[in-house]
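# Structure assessment
Spelled out, the chains give:
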Amino acid sequence: MSDGPDNLILVYLRRMDEKLDRLASAVGDLGRRVTSLETKVVLLHGDFAAQSERIDRIEIRLDRIERRLEIVPA
């Protein structure tokens, strides 16, 4: 008679263990995905900084051209 409840408890403990394993796997997957997103955001920030630098250089060149052509607004 005592074998029944022990076996039932073991069944539930095994189910809980399987669910915890799946949960741990899902959390690990989410961690990898977040790391991937962080890496991509860092790359985007670098791209934006490079574009800003290029725009600054173009603006300097345009100012120089305007001064040479004497078309600078008063």
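Residues numbered from 1 in each chain as written. Predicted model: local features only at pLDDT ≥ 70, side-chain atom pairs only at ≥ 80, totals over all residues. Heavy atoms only, no water.

## A word on unusual backbone geometry
In most cases, non-glycine residues show a negative phi, while peptide bonds are predominantly trans. Positive phi values are uncommon outside glycine, yet glutamate 70 reaches one of about 55°. Mapping glutamate 70 onto the fold places it in the segment after α1 (3-69). Classification of glutamate 70 by relative accessible area gives exposed; the value is 71%. (Helix = DSSP H or I, 4+ residues; strand = E, 2+ residues; numbered from the N terminus. Buried < 20%, exposed > 50% of the residue type's maximum accessible area, 1.4 Å probe, protein only.)

## Details of the environment of valine 27
Tracing the backbone through its elements, the reader meets valine 27 in helix α1. Residue valine 27 is classed as exposed on the basis of its relative accessible area of 51%. In sequence terms valine 27 and leucine 44 are 17 residues apart; their C-alpha atoms lie 26 Å from each other.

## Some points on a positive patch on the surface
Together, Arg61, Arg64, Arg67 and Arg68 line one region of the surface with positive charge. As for its position among the elements, arginine 68 is in helix α1. (Patch = residues over 30% accessible without salt bridge, like charges linked within 9 Å, V, L, I, M, F, W, Y side chains within 5 Å. Areas by Shrake-Rupley, 256 points an atom, 1.4 Å probe, with all protein chains shown as cover. Salt bridge = Lys/Arg side-chain N within 4 Å of Asp/Glu carboxyl O. Lys, Arg positive; Asp, Glu negative; His and termini not counted. Charge placed at Lys NZ, Arg CZ, Asp CG, Glu CD.)

## Considering a nonpolar patch on the surface
A cluster of nonpolar side chains, Ile9, Leu10, Leu13 and Met16, forms an exposed patch at the surface whose accessible area comes to about 380 Å². By the secondary structure assignment, leucine 10 is in helix α1. Its relative accessible area of 38% is what places leucine 10 among the partly exposed residues.

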